[in-house]
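# Topology and contacts: notes
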Amino acid sequence: MDAMLKIINQLLNKPESLPFREPVDWRGLGLYDYPQIIKKPMDLSTVKSNIESKAYQSIHECAEDIRLIWSNCKKYNQDGSDFYNLADAFSKRFEDKFAKIKDQEQAEEDVDHEPSLEEKTRFSNLIYKIKQEELGHVVEKLEDRCPTAINKSTSDDELEINIDAIDPKTFHELDRYVRGCMAASAPKKKKKSSTGVDGAETSKAKKAKQ
């Protein structure tokens, strides 16, 4: 929840967030229809207070209240008005930040769960397809964290990796690394030339380089 508090503080520090910082003073502003239109008022200070008092069970529950700030404003104010556009801009800004928090939370959840048979099989198939220096990084990481997963008894030039001996956190970290290596080395699609002559010349150049 610290990440959500950080977002709230960032939003509160923006000068243009003034209309969203405190509960709408509908009486002082003479907006007597506000309570009839907005059934659940919400503001940044209230969300911050809820976070600090641990009122939210999850980041998603907190996010719903933050979204309510923007949706309330857009519901009460006319589409295209300054307040409507301001709320829309803040909404998009928040969703961008929240998406990163969700990705981080998912990554943290990933390192906790035991790798499935499918994940282990994929890892074992990919690990020997990466470059030698990339494999060296994997071995170095395993020697540091899970030395029992490395078996060098076969010969000096060969080694075996016991995937079952890798702890979940290290496995998921290395799995992401290996998949990233494969994605980076995947051949990129070449754009077709506009003319057949250019295409033929390009093909010849490629063959020459090979």
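Residues numbered from 1 in each chain as written. Predicted model: local features only at pLDDT ≥ 70, side-chain atom pairs only at ≥ 80, totals over all residues. Heavy atoms only, no water.

### Some remarks on the overall build of the protein chain
Definition in use: Secondary structure elements are defined from DSSP: runs of H or I of at least 4 residues count as helices, runs of E of at least 2 residues count as strands, and each element is numbered from the N terminus. For this analysis, residues touch if any pair of their heavy atoms sits within 4.5 Å.
In terms of helices and strands, the protein chain carries ten helices and two strands. From first element to last, N terminus to C terminus, the protein chain shows the α and β order α-α-α-α-α-α-α-α-β-β-α-α. In the protein chain, the share of contacts with a sequence separation of at least 24, taken over all contacts with a separation of at least 6, comes to 66%.

### What to know about the nonpolar core
Where a protein is soluble and globular, its nonpolar side chains tend to be buried together. Put simply, the rule is: Definition of nonpolar core: a set of buried residues of the types Ala, Val, Leu, Ile, Met, Phe, Trp, Tyr and Cys, connected through side-chain atoms within 4.5 Å. Each residue's exposure class comes from its accessible area (1.4 Å probe, protein chains only) as a fraction of the maximum for that residue type: buried when under 20%, exposed when over 50%, partly exposed otherwise.
Formed by 24 residues in total, the largest nonpolar core has its most connected members in Met4, Phe20, Leu44, Val47, Ile66, Trp70 and Phe94. Those elements that place two or more of their residues in this core are α1 (2-12), α4 (44-52), α5 (59-76) and α6 (82-110). The biggest single contributor to this core is α5, with eight residues. Discounting chain neighbours no more than four positions away, the residues touching Met4 are Ile51, Ile59, Cys62, Ala63, Ile66, Phe94, Phe98 and Ile101. Ranked by size, the runner-up nonpolar core spans 18 residues in total, among them Val138, Val139, Ile150 and Ile163.

### Quick word on the pattern of salt bridges
Put simply, the rule reads: We count a salt bridge whenever a side-chain nitrogen from Lys or Arg sits within 4 Å of a carboxyl oxygen from Asp or Glu.
If you walk through the whole model with that rule in mind, you get eleven salt bridges. For Glu16, the salt bridge is made with Arg93, and the minimal N-O distance between the two is 3.5 Å. Of this pair, Glu16 sits in the loop between α1 and α2 (18-21) while Arg93 sits in helix α6, and the two are 77 residues apart along the sequence. Relative accessible area serves as the criterion here: at 28%, Arg93 is assigned to the partly exposed category. Here Lys141 makes a salt bridge to Glu173, at a shortest N to O gap of 3.7 Å. Within this pair, whereas Lys141 is found in helix α8 (residues 132-145), its partner Glu173 is found in helix α9 (residues 168-185), the two being separated by 32 residues in sequence. A residue is classified by how much of its surface remains accessible, and Glu173, at 26% relative accessible area, is partly exposed. The structure contains a network of salt bridges with shared partners spanning Glu64, Arg67 and Glu95.

### Quick notes on the packing of aromatic side chains
Under the convention used in this document: Here a pair means two rings of Phe, Tyr or Trp (six-membered ring of Trp) with centres within 6.5 Å. Their orientation is stacked below 30 degrees between planes, edge-to-face above 60, and tilted elsewhere. Whether a charge sits over a ring comes down to the Lys NZ or Arg CZ being within 6 Å of the ring centre and within 35 degrees of the ring normal.
A full pass over the atoms with the stated rule returns seven aromatic pairs. Judged by centre distance (5.4 Å) and plane angle (65 degrees), the rings of Phe20 and Phe90 are edge-to-face. Here the residue Phe20 occupies a position in helix α2, and Phe90 occupies one in helix α6, the gap between them amounting to 70 residues. We classify Phe90 as buried; its relative accessible area is 1%. One aromatic cluster is present, built from ring pairs that chain together Phe20, Trp70 and Phe90. One residue, Arg93, lies across the ring of Phe90, its end atom 5.0 Å from the ring centre.

### Some thoughts on the side chain of Glu134
Spelled out, the test is: Here the positive residues are Lys and Arg and the negative ones are Asp and Glu; neither His nor the chain ends is included.
With respect to the helices and strands, Glu134 occurs in helix α8. Buried Glu134, no salt bridge; nearest opposite-charge side chain is Lys131, N-O distance 4.9 Å. Every residue in contact with Glu134, bar those within four places of it in the chain, is listed here: Tyr177 and Cys181.

### Observations concerning the packing of α1 against α4
Basically, it comes down to this: Under this scheme, a helix contributes an axis fitted over its contacting stretch, all axes are lines through C-alpha atoms, and angles between N-to-C directions fall in the 0 to 180 degree range. The cut-offs work like this: below 35 degrees is roughly parallel, past 145 is roughly antiparallel, 65 to 115 is roughly perpendicular, and the gaps in between are oblique. Throughout, a crossing is termed right-handed when the near helix is turned clockwise from the far one, and left-handed when it is turned anticlockwise from it by less than a right angle. Ten residue types, Ala, Val, Leu, Ile, Met, Phe, Trp, Tyr, Cys and Pro, are classed as nonpolar, four, Asp, Glu, Lys and Arg, as charged, and the remainder, Gly among them, as polar.
Orientation of α1 relative to α4, taken along the N-to-C sense of each, is 155 degrees, at an axis distance of 10 Å. Between α1 and α4, the crossing angle belongs to the class labelled roughly antiparallel. Helix-helix and strand crossings are classified by hand; for α1 and α4 the assignment is left-handed. In contact with Met4, Leu5, Ile8, Asn9, Leu11 and Leu12 of α1, α4 contributes Leu44, Ser45, Val47, Lys48, Ile51 and Glu52. Classifying every residue of the contact of α1 with α4 by side-chain character gives eight nonpolar, two polar and two charged.

### Some words on α1
Three or four residues apart is the spacing at which side chains of an α-helix point the same way, because the helix has 3.6 residues per turn. Rule in force here: Regarding the arc, it is the one traced by the directions from the helix axis to the C-beta atoms.
Where α1 is concerned, the buried positions are Met4, Ile7, Ile8, Leu11 and Leu12. Each buried residue of α1 lies within a common arc of 135 degrees when the element is viewed along its axis, so the set occupies one face. Residues of α1 that are exposed and point over 90 degrees away from its buried face: Asp2 and Lys6.

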